Amino acid sequence: MPDARELMLRLLLEADVATWPTGLSMEEAVDLAFRWKVLPAINEKLKRKPVELSDDVRSRLRRSSKETFLRSASVIQRGIDALAILENSGISCAAFKGLAALASHGGGRTLQDVDVLIKESDLERAVHLLEMHGYQRSTLGDLGAYVQFVRNSPGFSGNEALALTAPAGSEVDLHWRVGPRRLARFETQHLLSRAQVNKVAGKLVPVVCPIDAVLLTVHHSVRNNFVPDQMIRDLLDVQAWLMSFSAADLAELCAVAGESSLLSPLIAMVRIISRFDSGITLNERMHVFASHATTDVEIAAQHLVELFLVQLERGPMNRDLVYLVNLSSLRRIVSGGISNWPSYRARMRELEIKNEGSPVQLAGRMRRLLRSVTTMTRRDWSHIRTLANIKE
């Protein structure tokens, strides 16, 4: 019988829920919704298919939903404020990921932070302007040294960004390089040139165009190693965008994805959505994706689907495994360490504290990696190599 996480995925991704999934308790659903940051989606499902709730669960759901809404509203407002500050000072910018999804399909999409794209040449001025308005950098010290560290850190997977905290505590991430490397389509100036203006919270804000938004969302899932707990909202966003696309839009999306390394992960995400949606939400459009896929792309997509399902069952893989089969990642680490190891290691510790809660000791990290290596099957290595190749 499917476990709670599989049942929850089906509940979230199924367009027309006929009944509440047998075997999924409301307690489990609320726990997962909170962890996956999809409480509004669960509330929407409950409106369509009411379920008997205990007083405790109902109270927790109401309280958590209110807190999530208020926090998200603050994040959105601070993000809109940041975009206005930059635009009013002549700095080209555009939101993507969460705010672009909210601008496109609205609904109850909540945000944990706001991602803003700018040109690298505008970075120093943008940071200065936002700091003048009370935003604070998450990392101090020389900005140029930080930029160099990010460039040599494989954990960023080509996504170069700096986090700032708004006066109210919300986070705004300034990005100056996103998407696959060495591809003109994803050069910042080209992404900004295609940006559109949409209304969010009653205000007009610049956001990347829908096709770019989908592909950057796909790339976000690749950066997160197709770990289920970290890509649920990506799946929901991609599903909403693709259902709003015309046949011509889908064809253009596939053509653009095919020029980069993103066609196989795009197809993989569509297959994952279709696997958990027993209706015809995307199944009737699969031929559009299939017509653009070579045999190698189909094989890579299947590997990514399997990687997702394996991690859904076993839990997240060790992220360091990807570095073992990705020489460019090792080269970046060596390059960063050789240039200034004390500074590079200090930056790494900052990231470890932010992501893990405490610095990661190298000896312990190596022991965990060795344990992970000994449990890997040949098929597991195929999944890892596919992921590493896409990340190149």
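Quick summary incoming for the structure in this document.

Scoring rules and cut-offs
- Residues numbered from 1 in each chain as written.
- Predicted model: local features only at pLDDT ≥ 70, side-chain atom pairs only at ≥ 80, totals over all residues.
- Heavy atoms only, no water.
- Buried < 20%, exposed > 50% of the residue type's maximum accessible area, 1.4 Å probe, protein only.
- Helix = DSSP H or I, 4+ residues; strand = E, 2+ residues; numbered from the N terminus.
- Arc of directions from axis to C-beta.
- Contact = heavy atoms within 4.5 Å.
- Expected span 1.5 Å × (residues − 1).
- Salt bridge = Lys/Arg side-chain N within 4 Å of Asp/Glu carboxyl O.
- Phe/Tyr/Trp six-rings, centres within 6.5 Å; stacked < 30°, edge-to-face > 60°.
- Polar contact = N/O pair within 3.5 Å; in protein donor to acceptor, adjacent residues only side chain to side chain.
- Pairing = 2+ DSSP bridges.
- Patch = residues over 30% accessible without salt bridge, like charges linked within 9 Å, V, L, I, M, F, W, Y side chains within 5 Å.
- Areas by Shrake-Rupley, 256 points an atom, 1.4 Å probe, with all protein chains shown as cover.
- Lys, Arg positive; Asp, Glu negative; His and termini not counted.
- Charge placed at Lys NZ, Arg CZ, Asp CG, Glu CD.
- Axes fitted to C-alpha atoms, helices over the stretch in contact; angles between N-to-C directions.
- Parallel < 35°, antiparallel > 145°, perpendicular 65-115°, else oblique.
- Left-handed = near helix turned anticlockwise from the far one by under 90°.
- Nonpolar A, V, L, I, M, F, W, Y, C, P; charged D, E, K, R; others polar.

Okay, helix H3 (residues 39-48) next. Along an α-helix, residues three or four apart share an orientation, since each turn contains 3.6 residues. Considered for burial, the residues of H3 that qualify are Leu 39, Ile 42, Lys 45 and Leu 46. All buried residues of H3 lie within an arc of 120° about the axis, which places them on one face of the element. On the buried face of H3, the contacting elements are helix H1 (4-13), helix H2 (26-36) and helix H4 (55-88).

So, on to the environment of Met 8. Along the chain, Met 8 turns up in helix H1. Separated by 34 residues in sequence, Met 8 and Ile 42 place their C-alpha atoms 9.4 Å apart. Apart from the residues lying within four places of it in its own chain, the contact partners of Met 8 are Leu 24, Ala 29, Leu 32, Ala 33, Trp 36 and Ile 42.

Turning our attention to helix H14 (residues 295-314). The terminal C-alpha atoms of H14, which comprises 20 residues, lie 28 Å apart, in line with the 28 Å expected from a rise of 1.5 Å per residue. For H14, every residue scored as buried is listed here: Val 297, Ala 300, Ala 301, His 303, Leu 304, Val 305, Glu 306, Leu 307, Phe 308, Val 310, Gln 311 and Leu 312. Buried-residue contacts for H14 involve H1, helix H10 (228-244), helix H12 (263-276) and helix H18 (378-391). Immediately beyond the C-terminal end of H14, within one or two residues, lies Gly 315, with a positive phi of roughly 105°.

In this section: the pattern of salt bridges. This model, assessed by the stated rule, comprises 13 salt bridges. Asp 81 serves as the salt-bridge partner of Arg 78, at 3.0 Å between the closest nitrogen and oxygen. With Arg 78 and Asp 81 both in helix H4 and three residues apart, the pair spans about one turn of that helix. Exposure remark for Asp 81: the relative accessible area of 24% places this residue in the partly exposed category.

So, about the packing of aromatic side chains. Counting across every chain of the model gives one aromatic pair. Here the aromatic rings of Tyr 146 and Phe 149 are separated by 6.4 Å at their centres, their planes lie at 45°, and the arrangement is tilted. Taken together, the residues span about one helical turn, with Tyr 146 and Phe 149 both in helix H7 (residues 143-151) at a distance of three residues. You can call Tyr 146 buried: its relative accessible area is 8%. Judged by its relative accessible area of 5%, Phe 149 falls in the buried class.

Another aspect to go through is unusual backbone geometry. Of note in this structure, Ala 201 is not a glycine but carries a positive phi near 50°. In this structure Ala 201 comes out as exposed when scored by relative accessible area, which is 58%. With phi around 55°, Phe 226 is a residue other than glycine that occupies positive phi space. Within the secondary structure, Phe 226 is located in the loop between helix H9 (210-223) and H10.

As a further point, take the side chain of Thr 386. Relative to the assigned elements, Thr 386 resides in helix H18. There is a polar contact of 2.8 Å between the side chain of Thr 386 and the side chain of His 303. Apart from the residues within four sequence positions on either side, Thr 386 is in contact with Ala 300, His 303 and Leu 304.

This brings us to the pairing of strand E7 (residues 203-207). Here five bridges tie strand E6 (residues 196-200) to E7, and the two strands are oriented antiparallel to one another. Opposite Lys 199, over in E7, you have Leu 204 as the bridge partner. Taking the residues that link successive antiparallel strands as the turn, the E6-E7 hairpin has two residues, and the phi of Ala 201 there is positive, at about 50°.

Right, let's talk about the pairing of strand E4 (residues 160-165) for a bit. Every regular strand shows the same layout, with side chains that alternate between the two sheet faces. With five of six residues buried, E4 lies mostly within the body of the structure. Where strand E3 (residues 136-137) and E4 come together, two bridges link them in antiparallel fashion. Each residue of the ladder has a partner; that of Arg 137, found in E4, is Leu 164. Direction of pairing for E4 relative to strand E5 (residues 171-177): antiparallel, over a ladder of six bridges. Paired with Ala 161 across the two strands is His 175, which belongs to E5. Between E4 and the antiparallel strand that follows it, E5, lie five residues; Gly 169 among them carries a positive phi value of about 100°.

Here we come to a negative patch on the surface. A grouping of Asp 3, Glu 6, Glu 27, Glu 28, Asp 55, Asp 56 and Glu 313 is seen on the molecular surface, where their side chains present a negatively charged patch. Residue assignment for the negative patch shows that the elements contributing at least two residues are H2 and H4. For Glu 27, the location among the structural elements is in helix H2.

Packing of H9 against helix H11 (residues 247-259) leaves a shortest axis separation of 10 Å and a crossing angle of 50°. What the angle tells us is that H9 and H11 run oblique. Regarding H9 and H11, the two cross each other, and that crossing is right-handed. Of the residues in H11, those in contact with Ile 211, Val 214 and Leu 215 of H9 are Asp 249, Glu 252, Leu 253, Val 256 and Ala 257. Split by residue class, the contact of H9 with H11 holds six nonpolar, no polar and two charged.

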